[in-house]
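Close look at the chain arrangement
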Amino acid sequence: MIKIKRIIPLAVSVVLALGVLAGCSASTNTSNAKSSIDEIKERGTIKIGVFSDKNPFGYVDANGKNQGFDVYIAKRFAKDLLGDESKVEFVLVDAASRVAYLESNKVDIIMANFTVTDERKQKVDFANPYMKVSLGIVSPDSALINSIDQLKGKKAIVAKGTTAETYLTKNYPDIEQLKFEQYTEIFEALKDGRGTAIVNDNTEVIAWAKQNPGFTVGVPSLGGQDTIAPAVKKGNKELLDWINNELTALGKENFIHKAYDVTLADVYGEDYKESLVIEGGK
Amino acid sequence: MQSLGISVLFKGMNMQRLFDGLLVTAKIAFISIVIGSFLGIVLGVIWTSKSKWIRSVCRIYLEVFRIIPILVWLFIMYFGVTTALNLHVSGEITSIIVFTLWGAAEMGDIVRGALESLPKHQIESGKAIGLSFWGLYRYILIPQAIRRMLPGAINLATRMVKTTSLVVLIGVIDVIKVGQQIIEFSRLEVPTASFWVYGFVFILYFIICYPLSMLAKRLENKWNG
Amino acid sequence: MDKGSNEVLLEIMGLHKEYDGITALENINLSIKKGEVVVALGPSGCGKSTLLRCLNGLESIQGGDIKFRNKSLINKDVNWQEIRQHIGMVFQSYDLFPHMTVMENILLGPIKVQKRNKFEVMEQAKQLLDRVGLLERLNSYPRQLSGGQKQRIAIVRALCMNPDIMLFDEVTASLDPEMVREVLEVILGLAKQGMTMVIVTHEMSFAQAVADKIVFIDKGSICEISEPDVFFTNPETERAKHFLNIFQY
């Protein structure tokens, strides 16, 4: 698996290079063609790229049906654009190839838990966000950590190579880090009391705390906040505008909150809803 | 919790889905192995040409597939070539094309090696009874080469079966991807799911690859017996 | 028995052969009449095997001419596949096809190349196998045979094409001494039946017994052509004398 992980960036860059070459011919094609919305309507289905193995955002249930937070919102997009939520064709994508799917016109929208970054903005156009993530801190109820400052001089458990590790090293060098390779190991370490608290993605720690009574997420949002948004092919302004208007309209009925209740509440509980959801695109 | 583990395999349509995934894996592997072997034999014969130019073209073709990882080929074909040509080709067809081309390259090299390892006097005694170029290959060289290349060819076939797991990256839902979906879906309720699912997938791969090595052993015994 | 008939089967005129600019054969002139047994002798590396291979088109030549039944073989349009059916050859290395049985080895040329009737060829093959004493091995694979047996099968395989002339290239050189005789006897038998043959060998007494004509080759050219009795008792050239002395203890 490590080998594969090293190869993916190479593969992606080769493809992107090709994409640039192909871009010339492809862009002339799209400019001649009719608008992207009309094209989707004519086709009768909207192709949305989602994850198939990231529970609870995009996954496939035991009956082979796509489920999850991203999927729930995507279905609503289809209903509002084409009149029927069954008119969405889910394309199952992987993290590494999300950009390539957009660039090669294999999907109209990517809604695969796509975190907005400056680097990605160069290659795709992000719509307004519907979710936010940051770091979180989970600790035992008996010695609850409510603020990052309480961790100074104590041991924080992190997984190697994560945002949490980078963040702590950069901003809180005086917090001692206990590092592990695997996610499962960090949780075991906290249970064994080898460290004071775990610092990790807030979605991960919140979900884990929900399953493990006696532990609480005292700090649900820490550090820089990342947003998660739908993305379209660079330059597809028409579809981008449609998504943004749609998100605004959905905000009026608190639809993203409803999506949270249906798909995420079981995993994250009610308490953290406002830490995660962005309603109306803002 | 432990007793729940294996039940993951039987929940809902999971078992059916795993077999559907296996079918995808088997289909891609089988078609590419068959067409790739055939093309590989043709390539191998061409490769033994005396022309330096032809030999270098063959070598470059092989090296291009050796140096550039198969994953990159899948990406190039799926996202690059289809976009450039404005075609829509499914991930499955793309995989079959890439695996066939790769199989042909490796097989060509194996066939070339086997042909070149045959003693020169086999060619001469074939010529001495008046065989034509094609007769020589058809009756004398290829039948002997096939015996010599069998271990390498079976090794290649099992490698191809295993490498099909890369097709998930261009959106093909093979047996491993189905496995990951099931594990991820049941991650919170059944933490041991990965053990059972991957264990089962291991058995499924074994079911595909074992008959291949059995076949190889049988043929070898038959020819050497 | 038509020994000494005047029909010339194979005629070599001024043949010149070189490998990468190094001369291997120079100005070779030799004619082989129907029914004649010609034995080429000479030190190792003298070019006698090369000469034989030129006669079968396995080596190209750089000068001179070879005529088979008065037709030149030095011509781009020559159909060697056709010619080789008339000029059989047996090599030093055991050259049976290892993936075929004895019978399949023998049948391949007559059936696939000459398109002859299978049953007729099988009958002929059985007779020939019987003559070399190997009829019971027709379903064996080459790996189950001894070196001498393999060479006898190779001879049968060439004979079954009904060639006009047979070329033997040191066919006993790789054999264990006790197997040499069984192979030579087969060749001797062929000579008695009047088969035209060109034989390259190091078996001196065999050469003397079988040859109508001895061709002594040294350093790529023919030094002397003599009757066997003359050659072995009183050779004309110093080089031939020297060569024969090596074989006397």
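Every chain's residues receive numbers from 1 upward, in the order its sequence appears when written. To read the labels, note that chains go from A and ligands from 1, taken in the order they are written. A pLDDT threshold of at least 70 governs which residues receive local features in this predicted model, and a stricter bar of 80 or more applies before side-chain atom pairs are shown or counted, although totals over entire chains, interfaces and linings include all residues. Heavy atoms from the whole structure form the basis of all side-chain values; hydrogens and water molecules are not counted.

Let's talk about the packing of aromatic side chains
Pairing of aromatic rings covers Phe, Tyr and the six-membered ring of Trp, with a centre-to-centre limit of 6.5 Å; geometry is then stacked below 30 degrees between planes, edge-to-face above 60, and tilted otherwise. The final tally for this structure, using the stated rule, is 25 aromatic pairs over all chains. Arranged with centres 6.3 Å apart and planes meeting at 80 degrees, the rings of Phe57(A) and Phe69(A) form a pair that is edge-to-face. With Phe57(A) in the loop between strand S2 (53-54) and strand S3 (58-60) and Phe69(A) in helix H3 (residues 69-82), the pair connects residues that are 12 residues apart, well separated along the chain. Assigned by exposure class, Phe57(A) and Phe69(A) land together as buried. Aromatic pair Phe133(B) and Tyr137(B): ring centres 4.8 Å apart, planes at 55 degrees, arrangement tilted. Of this pair, Phe133(B) and Tyr137(B) are both found in helix H6 (residues 133-163), four residues apart, which corresponds to roughly one turn of the helix. Residue classification places Phe133(B) among the partly exposed residues on the basis of a relative accessible area of 44%. An aromatic cluster is defined as three or more aromatic residues linked by ring pairs; in this entry it consists of Phe57(A), Phe69(A), Tyr130(A) and Tyr268(A). Helix and strand assignments follow DSSP, with helices taken as H or I runs no shorter than four residues and strands as E runs no shorter than two, numbered in order from the N terminus. Under the scheme applied here, a residue whose accessible area is under 20% of the maximum for its type counts as buried, over 50% as exposed, and between as partly exposed, the area being computed with a 1.4 Å probe on protein chains only.

Some words on the sheet that holds strand S13 (residues 231-233) of chain A
Residue and element names in this part refer to chain A. As summarised here, the arrangement of the five strands in space is S5-S1-S6-S13-S7, forming an open sheet in which the pairing is mixed. The open sheet has two edge strands with one neighbour each: strand S5 (88-92) and strand S7 (124-126). A pair of strands is treated as paired once DSSP finds two or more bridges between them. In this structure, strand S1 (residues 46-50) lies alongside S5, joined through five bridges in parallel fashion. Opposite Val-50, over in S5, you have Leu-92 as the bridge partner.

Things to note about the interface of chain C and chain B
Contacts: residue pairs with any heavy atoms within 4.5 Å of one another. Counting residues at the interface gives 23 residues for chain C, matched by 21 residues for chain B. Buried area adds together the accessible area that both of two parts lose upon being put together, with accessible area traced by a 1.4 Å probe. In this assembly, chain C packs against chain B so that about 1800 Å² is buried in total across both faces, 61% of it on carbon and sulfur atoms. In what follows, salt bridge is the name for a side-chain nitrogen of Lys or Arg lying within 4 Å of a carboxyl oxygen of Asp or Glu. Inspection of the region where chain C meets chain B yields one salt bridge. For the salt bridge of Glu124(B) with Arg53(C), the shortest nitrogen-to-oxygen distance reads 2.5 Å. Nitrogen and oxygen atoms within 3.5 Å of one another constitute a polar contact, given that in protein one can donate a hydrogen and the other can accept it, and given that sequence-neighbouring residues count only through two side-chain atoms. Between chain C and chain B we count four residue pairs in polar contact (both at pLDDT 80 or more) in total. Among the elements of the structure, helix H2 (80-84), strand S6 (87-90) and helix H3 (102-113) of chain C are those that each provide at least two residues to the side of chain C that touches chain B. The dominant element in the side of chain C that touches chain B, judged by the number of residues it contributes, is H3(C), at four residues.

A look at the domain arrangement of chain A
Residues and elements named next belong to chain A. These domain boundaries are the output of an automatic or database domain assignment. Domain assignment breaks chain A into domain 1 (37-130 + 229-276) and domain 2 (133-226). Measuring from the centre of the C-alpha atoms in domain 1 to the corresponding centre in domain 2 gives 29 Å. Listed per partner, the contact involves 11 residues of domain 1 and 10 residues of domain 2. Surface buried jointly by domain 1 and domain 2 totals about 870 Å² across both partners, of which 64% is contributed by carbon and sulfur atoms. By residue number, the principal contributor to the side of domain 1 that touches domain 2 is helix H10 (residues 255-268), which donates four residues.

A short note on the arrangement of the chains
Comparison of the two pairs of chains in contact shows the highest number of contacts for chains A and B. Taking C-alpha atoms as the reference, chain A and chain C come no closer than 43 Å and do not contact one another.

A look at the interface of chain B and chain A
Taken together, the 32 residues of chain B in the interface contact 32 residues of chain A. Overall, the association of chain B and chain A removes approximately 2800 Å² of surface from exposure, summing both partners, and the carbon and sulfur fraction of that is 65%. For the pair chain B and chain A, the number of links is two salt bridges. Lys177(B) is the salt-bridge partner of Asp94(A), the closest N and O atoms lying 3.3 Å from each other. At the junction of chain B and chain A, the tally comes to 11 residue pairs in polar contact (both at pLDDT 80 or more). Broken down by secondary-structure element, the contributors of at least two residues to the side of chain B that touches chain A are helix H1 (14-47), helix H3 (70-84) and helix H7 (175-185) of chain B.

Some thoughts on the UniProt feature "domain: ABC transporter" (unreviewed entry) in chain C
UniProt positions are given in the numbering used here, feature names are shortened, and annotations may be inferred rather than shown by experiment. Mapped onto the present numbering, the UniProt feature "domain: ABC transporter" (unreviewed entry) falls at residues 10-244 of chain C. Structurally, residues 10-244 of chain C comprises 37% helix and 26% strand, and the distance from its first C-alpha atom to its last is 28 Å.

Some details on the side chain of Arg157(C)
Note that Arg157(C) resides in helix H5 (residues 147-159). Here Asn105(C) takes part through its side chain, which lies 3.0 Å from a polar atom of the side chain of Arg157(C). Not counting residues within four places of it along the chain, the set of residues in contact with Arg157(C) comprises Ser125(B), Ile129(B), Asp95(C), Leu96(C), Phe97(C), Asn105(C) and Ile106(C).

Structural notes on the confidence of the model for chain C
Confidence in the prediction of chain C, expressed as mean pLDDT, is 90, and 97% of residues score 70 or more. Residue-level confidence of the predictor is summarised by pLDDT, bounded by 0 at the bottom and 100 at the top. Per-element confidence in chain C is highest for strand S8 (residues 196-200) of chain C, whose mean pLDDT is 95, and lowest for strand S5 (residues 71-72) of chain C, whose mean pLDDT is 86.

Some details on the pairing of strand S3 (residues 37-41) of chain C
Residues and elements named next belong to chain C. Within S3, five of the five residues are buried, which leaves it mostly tucked inside the rest of the structure. In S3, alternate side chains face the same way, and those of Val-37, Val-39 and Leu-41 on one face and Val-38 and Ala-40 on the other are all buried. The sheet contact formed by S3 and S8 spans four bridges and is parallel. Following the sheet pairing, Val-39 is matched in S8 by Ile-199.

Focus: the packing of H5(C) against helix H6 (residues 177-192) of chain C
Residues and elements named next belong to chain C. Fitting a line to C-alpha atoms yields each axis, with helices limited to the stretch in contact; the angle taken between N-to-C directions then spans 0 to 180 degrees. For the pair H5 and H6, the least separation of the axes is 8 Å and the interaxial angle reads 20 degrees. In terms of axis orientation, H5 runs roughly parallel to H6. H6 is crossed by H5, and the crossing has right-handed handedness. Each of Gly-147, Gly-148, Gln-149, Gln-151, Arg-152, Ile-155 and Leu-159 in H5 lies in contact with H6, whose residues at this interface are Met-179, Glu-182, Val-183, Val-186, Ile-187 and Leu-190. In what follows, roughly perpendicular refers to angles from 65 to 115 degrees, roughly parallel to angles under 35, roughly antiparallel to angles over 145, and oblique to any angle outside these ranges. Helix crossings are classified by the rotation of the near helix relative to the far one: an anticlockwise turn of less than a right angle makes the crossing left-handed, while a clockwise turn makes it right-handed.

Observations concerning the sheet that holds S8(C)
All names here are of chain C. Sheet architecture is open: six strands sit in the order S6-S7-S8-S3-S9-S10, paired in mixed fashion. Looking along the sheet, the strands with just one partner apiece sit at the ends: S6 and strand S10 (221-226). Each neighbouring strand pair of the sheet contributes to a mean axis angle of 20 degrees, computed without reference to strand direction. In the packing of H5 onto the sheet, the strands contacted are S6 and strand S7 (165-169), and the crossing angle to S6 comes to about 170 degrees. Docked against the sheet, H6 engages S3, S7 and S8, running at close to 150 degrees with respect to S8.

Here we look at the nonpolar core
Ile70(B) and Ile140(B) are the most contacted members of the largest nonpolar core, which has 87 residues in total. The element best represented in this core is H6(B), accounting for 12 residues. With residues near it in sequence (within four places) discarded, Ile70(B) still touches Phe65(B), Val98(B), Phe99(B), Trp102(B), Thr163(B) and Leu166(B). Residues belong to a common nonpolar core when they are buried Ala, Val, Leu, Ile, Met, Phe, Trp, Tyr or Cys residues joined through side-chain atoms within 4.5 Å. If you look at the next biggest cluster of nonpolar residues, it comprises 58 residues, including Ile46(A), Val71(A), Ala74(A) and Phe187(A).

Some points on the UniProt feature "domain: Solute-binding protein family 3/N-terminal" (unreviewed entry) in chain A
When the UniProt feature table is mapped onto this chain, "domain: Solute-binding protein family 3/N-terminal" (unreviewed entry) is found at residues 45-267 of chain A. For the annotated span residues 45-267 of chain A, helix accounts for 36% and strand for 29% of the residues, and the straight-line distance between the end C-alpha atoms is 31 Å.

Some remarks on unusual backbone geometry
All names here are of chain A. Looking along the chain, the bond that leaves Asn-55 and enters Pro-56 is cis, with omega of 5 degrees. With respect to the helices, strands and loops of the structure, Pro-56 is situated in the loop between S2 and S3. Residue Asn-113 is not a glycine yet carries a positive backbone phi of 45 degrees. Relative to the helices and strands, Asn-113 resides in the loop between strand S6 (109-110) and helix H5 (118-121). Overall, the relative accessible area of 10% leaves Asn-113 in the buried class.

Some remarks on the pairing of strand S2 (residues 22-33) of chain C
Residues and elements named next belong to chain C. The pairing of strand S1 (residues 8-19) with S2 spans eight bridges and is classified as antiparallel. Within the sheet, the bridge partner assigned to Glu-11 lies in S2 and is Ser-31. Adjacent in sequence and paired antiparallel, S1 and S2 are bridged by two residues, among which Asp-20 carries a positive phi angle near 45 degrees.

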